[in-house]
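# A closer look at the structure
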Amino acid sequence: MAEISLKSVSKAYVNPVFSLTVLDKADLTIPEGAFAAVQGPSGSGKSTLLNLIGALDRADGGDIRVMGTDIASLPQRRLAEFRNRTIGFVFQSFHLMPVLTAAENVAWPLYFQGVRRRDRMRAAREKLALVGLSDHADKIPGRLSGGQRQRVAIARALVCDPAVILADEPTANLDRKTARDVMDLLRDINSRRGATLLCATHDPLVVERANRVIELSEGKLTMRSDPPAVGTEERHA
Ligand SMILES: Nc1ncnc2c1ncn2[C@@H]1O[C@H](COP(=O)(O)OP(=O)(O)OP(=O)(O)O)[C@@H](O)[C@H]1O
Ligand SMILES: [Mg+2]
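Analysis parameters
- Residues numbered from 1 in each chain as written.
- Chains lettered and ligands numbered in written order.
- Predicted model: local features only at pLDDT ≥ 70, side-chain atom pairs only at ≥ 80, totals over all residues.
- Heavy atoms only, no water.
- Helix = DSSP H or I, 4+ residues; strand = E, 2+ residues; numbered from the N terminus.
- Rg over C-alpha atoms; globule rule 2.2 N^0.38 Å.
- Buried < 20%, exposed > 50% of the residue type's maximum accessible area, 1.4 Å probe, protein only.
- Contact = heavy atoms within 4.5 Å.
- Areas by Shrake-Rupley, 256 points an atom, 1.4 Å probe, with all protein chains shown as cover.
- Lys, Arg positive; Asp, Glu negative; His and termini not counted.
- Charge placed at Lys NZ, Arg CZ, Asp CG, Glu CD.
- Near = heavy atom within 4 Å.
- Polar contact = N/O pair within 3.5 Å; in protein donor to acceptor, adjacent residues only side chain to side chain.
- Pairing = 2+ DSSP bridges.
- Right-handed = clockwise from strand over helix to strand, strands pointing away.
- Core = buried A, V, L, I, M, F, W, Y, C linked by side-chain atoms within 4.5 Å.
- Axes fitted to C-alpha atoms, helices over the stretch in contact; angles between N-to-C directions.
- Parallel < 35°, antiparallel > 145°, perpendicular 65-115°, else oblique.
- Left-handed = near helix turned anticlockwise from the far one by under 90°.
- Phe/Tyr/Trp six-rings, centres within 6.5 Å; stacked < 30°, edge-to-face > 60°.
- pLDDT = per-residue confidence, 0-100.

### Examining the overall build of the protein
In terms of helices and strands, the protein carries 8 helices and 10 strands. Radius of gyration (C-alpha) of the protein: 18 Å, near the 18 Å computed for a compact globule of 237 residues. Expressed along its principal axes, the backbone C-alpha trace of the protein runs to roughly 50 × 45 × 40 Å. Taken across its 237 residues, the protein has 49% of its residues classed as buried. Once local pairs closer than 6 in sequence are excluded, the contacts in the protein between residues at least 24 apart make up 69%. Of the roughly 11800 Å² that the protein leaves accessible, carbon and sulfur atoms contribute 50%. Taken together, the 33 basic and 28 acidic charged side chains of the protein have centroids lying 6 Å from each other.

Okay, here's the thing in structure tokens:
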């Protein structure tokens, strides 16, 4: 089953002065368990696309399904619940809460599932261990490096064991070594836990690890490579 599917999806930002079409009847299918990278120039609409798939924003038209659920059809409350349980977000600028410790930040999404504080904190520490931050669990984000903050954000995205992880330029603020570590970690989570991973990126480090590369240009999404296409390239090499 396709985990993420877009059919003829359109999105424009309209204001009194102008209207900007970001997606123009775009189609996309990402199967369960894939690791997909969306490439496109700055301003082409990668973040917009992730926000639509993650139901943080609504499309103007078309059909978006995540795990078979038509997200436009869900009322606000159900939508928030669906997002919380199904989707893990890693934002470009982390979006950590500055007054909470790393562990409290990671535990936060579980609060909405009614998980008790003790169990939340245990789950948070487990995920922090997974991203190599056990020793930093009690620090506030202001006392962590950029790469450490990014890993806290990843741990938070994982805390509800989401089927889908959406990561917006997950390596943009990281040095090369940390970027490699973070991507290896995400790839591991993708291959070991079977979480579908969709990254918006400019970074070759991300693209070379992906098994599908999607190009976003002039409102259209084109699959630039998927496993059979890579095979074809190899035959021609
Ligand atoms: N809330 C908004 N209101 C109006 N225009 C917006 C809004 N959000 C984004 N845009 C515009 O829509 C276009 C797509 O923006 P988006 O952030 O999705 O691009 P992007 O591909 O993620 O860019 P980058 O690589 O720089 O992160 C841009 O031209 C941007 O200026
Ligand atoms: Mg962006």
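### Quick look at the site of ligand 1
In the vicinity of ligand 1 lie 14 residues, with Ser42, Gly43, Gly45, Lys46 and Thr48 positioned nearest. The contact in question runs from an oxygen atom of ligand 1 to an N or O atom on the side chain of Ser42, over 2.6 Å. Note that an oxygen atom of ligand 1 is positioned 3.3 Å from one of the side-chain N or O atoms of Glu169. Protein contact buries 59% of the 640 Å² of open area that ligand 1 shows by itself.

### As for the pairing of strand S8 (residues 196-200)
Here S8 lies mainly inside the structure; 5 of its 5 residues are buried. Residue alternation in S8 divides its side chains into two sets, Thr196, Leu198 and Ala200 and Leu197 and Cys199, and both sets are buried. Across 5 bridges, strand S7 (residues 164-168) lies against S8 in parallel orientation. Bridging from a neighbouring strand, Ala167 pairs with Cys199 of S8. Handedness of the crossover is the feature at issue here: the chain leaves S7, passes through helix H6 (residues 176-193), returns alongside S8, and the resulting connection is right-handed.

### Description of the nonpolar core
Soluble globular proteins: nonpolar side chains tend toward being buried together. Counting 43 residues, the largest nonpolar core has Leu128, Val152 and Ile154 as its most contacted members. For this core, the secondary structure elements donating two or more residues are strand S3 (35-39), helix H3 (102-111), helix H4 (117-130), helix H5 (146-158), S7, H6, S8 and helix H7 (204-207). Residue contacts for Val152: discarding those within four places in its chain leaves Leu96, Ala102, Asn105, Val106, Leu128, Leu133 and Leu144. Listed in part, the 30 residues of the second largest apolar core include Leu6, Leu28, Ile53 and Val164.

### Re the packing of H3 against H5
Where H3 meets H5, the closest approach of the two axes is 7 Å, and the angle between their N-to-C directions is 30 degrees. Here H5 runs roughly parallel to H3, going by the angle between their axes. The interaxial crossing formed by H3 with H5 has right-handed handedness. Seen from H3, the contacting residues are Ala102, Asn105, Val106 and Pro109; seen from H5, they are Val152, Ala155 and Arg156.

### So, the packing of aromatic side chains
Tallied over the entire structure, the rule returns 4 aromatic pairs. Look at Phe89 and Phe91: their rings are 5.0 Å apart centre to centre, the planes differ by 5 degrees, and that puts the pair in the stacked class. Their ring planes at 80 degrees and their centres at 5.6 Å tell us that Trp108 and Phe112 sit as a pair that is edge-to-face. For Phe112, a relative accessible area of 55% gives the class exposed.

### Quick look at the confidence of the model for the protein
Here the protein averages 90 in pLDDT, while 94% of its residues score no lower than 70. Taken as a whole, residues 228-237 scores under 50 in pLDDT and shows 1 contact with residues more than four places along the chain or in a different chain.

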